[in-house]
Amino acid sequence: MNDSKKPSLGTFLLLAVAVALDAGGTLLLSGGMKHVGSIEAATSPAVVRAFGRAFARVEIWLGIATLIMWFICSLVLFSRIDFSYFQPASAIGYALVALLGYAVLGETVTAARWIGIVCICAGVTLIGRTPPRTTA
Amino acid sequence: MRTVVCLSIVILAGTGGDLLSAHAMKQSARLEVTGGSAVAMLLQGGFRLSAMWAGLVLQALAFFTLLALLSWADVSFVVPATALNYVVGAAGSVLFFREQVDRTRWAGVLLVCLGVAFIFASER
């Protein structure tokens, strides 16, 4: 993608959908696993039983389905925009997950965690702005 | 402690899986596979390589470890903390592939490290 060719409104919307699907899928997995309870690696059969309980929950399957849709959206986006544009744009997902964790799952998101998320978003944006280079 | 161990597995196995899958897909582009569409041929070639299967095993390990991690840790902690994969990716590209990483990228990596340090501080 060169600078003169701006992404279309459709591409922006698809990017927003991809970020929302990623955050939503992870949130569903988290919500499902909270119902299963903490998985302790005491014995292998206990871990297998815990995962059995996890995969009996609808949230886990909805989460997996949502993440598959995110993967398909990402593939379509990769055909339209550069990865160096996709990566920083999707960094907002870190903040969205925290926001949804707070609003939907009732998690406590402290000021330190928000500062950390802002730093991570800024860092990923910087990494994404680095021009790709090969040594060959 | 278990959180750090599981997070390390998620990051290392996830990044390793991505690298192996990418390596396999690049290799498959050089294989001669007949019939089907271009994408199907590429995937068919990729799945003939052991690197692709090794990559899938690592990605499955990362996924199940992430599920276990989410059973006790907050999603608002786990997901931002997995941003450490950018650090692993940059370090791996220098150590294993002898790639050049410029200052802007290192500045980004440092910011991610700082951010993850704040995230860990918020857990205590």
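Residues numbered from 1 in each chain as written. Chains lettered and ligands numbered in written order. Predicted model: local features only at pLDDT ≥ 70, side-chain atom pairs only at ≥ 80, totals over all residues. Heavy atoms only, no water.

This part covers the overall build of chain B. Scanning chain B from N- to C-terminus turns up 6 helices and 0 strands. Traced from its N-terminal end to its C-terminal end, chain B shows the element sequence α-α-α-α-α-α. For chain B, the proportion of its 124 residues judged to be buried stands at 41%. Carbon and sulfur atoms provide 67% of the accessible area of chain B, an area that totals close to 6,800 Å². (Helix = DSSP H or I, 4+ residues; strand = E, 2+ residues; numbered from the N terminus. Buried < 20%, exposed > 50% of the residue type's maximum accessible area, 1.4 Å probe, protein only. Areas by Shrake-Rupley, 256 points an atom, 1.4 Å probe, with all protein chains shown as cover.)

Okay, the packing of aromatic side chains next. By the definition in use, this model includes 5 aromatic pairs over all chains. Between the aromatic rings of F63 of chain B and F64 of chain B, the centroid separation amounts to 5.7 Å while the plane-to-plane angle is 75°, which identifies the pairing as edge-to-face. Exposure remark for F63 of chain B: the relative accessible area of 24% places this residue in the partly exposed category. Using a relative accessible area of 35% as the deciding quantity, one classes F64 of chain B as partly exposed. For the ring pair F77 of chain B and F120 of chain B, a centre distance of 5.2 Å and an interplane angle of 80° mean the geometry is edge-to-face. In this pair, F77 of chain B is assigned in helix α4 (residues 75-81) and F120 of chain B in helix α6 (residues 103-123), connecting sequence segments 43 residues apart. Taken together, F51, F55 and W61 of chain A together with F63 and F64 of chain B form an aromatic cluster joined through their ring pairs. Above the face of the W72 of chain B ring, R2 of chain B is positioned so that its terminal group lies 4.0 Å from the ring centre. (Phe/Tyr/Trp six-rings, centres within 6.5 Å; stacked < 30°, edge-to-face > 60°. Lys NZ or Arg CZ within 6 Å of the ring centre and 35° of its normal.)

Time to look at helix α3 (residues 50-70) of chain B. Spanning 21 residues, α3 of chain B covers 30 Å between terminal C-alpha atoms, matching the ideal 30 Å at 1.5 Å per step. Residues A51, M52, G55, A62, T65, L66, L67, A68, L69 and L70 of chain B constitute the buried set of α3 of chain B. (Expected span 1.5 Å × (residues − 1).)

The next thing to look at is the packing of helix α1 (residues 9-36) of chain A against helix α5 (residues 92-103) of chain A. Residues and elements named next belong to chain A. Following both chains from N to C, one finds α1 and α5 inclined at 40°, their axes separated by 9 Å at the closest point. Classified by the angle their axes make, α1 and α5 are oblique. The handedness of the crossing between α1 and α5 comes out as right-handed. Residues V19, A20, A23 and L27 of α1 form the contact with α5, whose own contacting residues are I92, G93, L96, V97, L100 and G101. In terms of residue class, the contact of α1 with α5 is made up of 8 nonpolar, 2 polar and no charged. (Axes fitted to C-alpha atoms, helices over the stretch in contact; angles between N-to-C directions. Parallel < 35°, antiparallel > 145°, perpendicular 65-115°, else oblique. Left-handed = near helix turned anticlockwise from the far one by under 90°. Contact = heavy atoms within 4.5 Å. Nonpolar A, V, L, I, M, F, W, Y, C, P; charged D, E, K, R; others polar.)

For the rest of this paragraph, the subject is the environment of A46 of chain A. Looking at where A46 of chain A falls in the secondary structure, it is placed in helix α2 (residues 44-54). Taking the C-alpha atoms as reference, A46 of chain A lies 17 Å from R57 of chain A; in sequence the two are 11 residues apart.

Scanning the model with the defined rule gives 2 salt bridges over all chains in all. Between E59 of chain A and R57 of chain A there is a salt bridge, with the nearest N and O atoms lying 3.1 Å from each other. Of the charged contacts, one joins R113 of chain A and D74 of chain B as a salt bridge, the two residues approaching to 3.5 Å between their closest N and O atoms. Taken together, the residues span two chains, with R113 of chain A in helix α6 (residues 111-129) and D74 of chain B in the loop between α3 and α4. Classification of D74 of chain B as partly exposed rests on a relative accessible area of 22%. (Salt bridge = Lys/Arg side-chain N within 4 Å of Asp/Glu carboxyl O.)

We now examine the side chain of R113 of chain A. On the accessibility criterion, R113 of chain A (2% relative accessible area) is buried. Of note is the side chain of R113 of chain A, whose polar atom sits 3.0 Å from the side chain of S122 of chain B. Setting aside residues up to four positions removed in sequence, R113 of chain A forms contacts with T108 of chain A together with D74, S76, F77, I119, S122 and E123 of chain B. (Polar contact = N/O pair within 3.5 Å; in protein donor to acceptor, adjacent residues only side chain to side chain.)

A separate point is the nonpolar core. Soluble, globular proteins show a tendency: their nonpolar side chains are buried together. In this structure, Y94 of chain A together with L69 of chain B are the most contacted members of the largest nonpolar core, which totals 45 residues. In this structure, Y94 of chain A is in contact with I117, I120, C121 and V124 of chain A together with V79, P80, A83 and Y86 of chain B, ignoring residues within four places of it in sequence. (Core = buried A, V, L, I, M, F, W, Y, C linked by side-chain atoms within 4.5 Å.)

This part takes up the confidence of the model for chain B. Residue and element names in this part refer to chain B. Confidence in the prediction for chain B averages 82 pLDDT; 82% of positions are at 70 or higher. Per-element confidence in chain B is highest for α4, whose mean pLDDT is 93, and lowest for helix α2 (residues 38-46), whose mean pLDDT is 65. Taken together, the chains of this predicted complex give a pTM of 0.80 and an interface ipTM of 0.82. (pLDDT = per-residue confidence, 0-100.)

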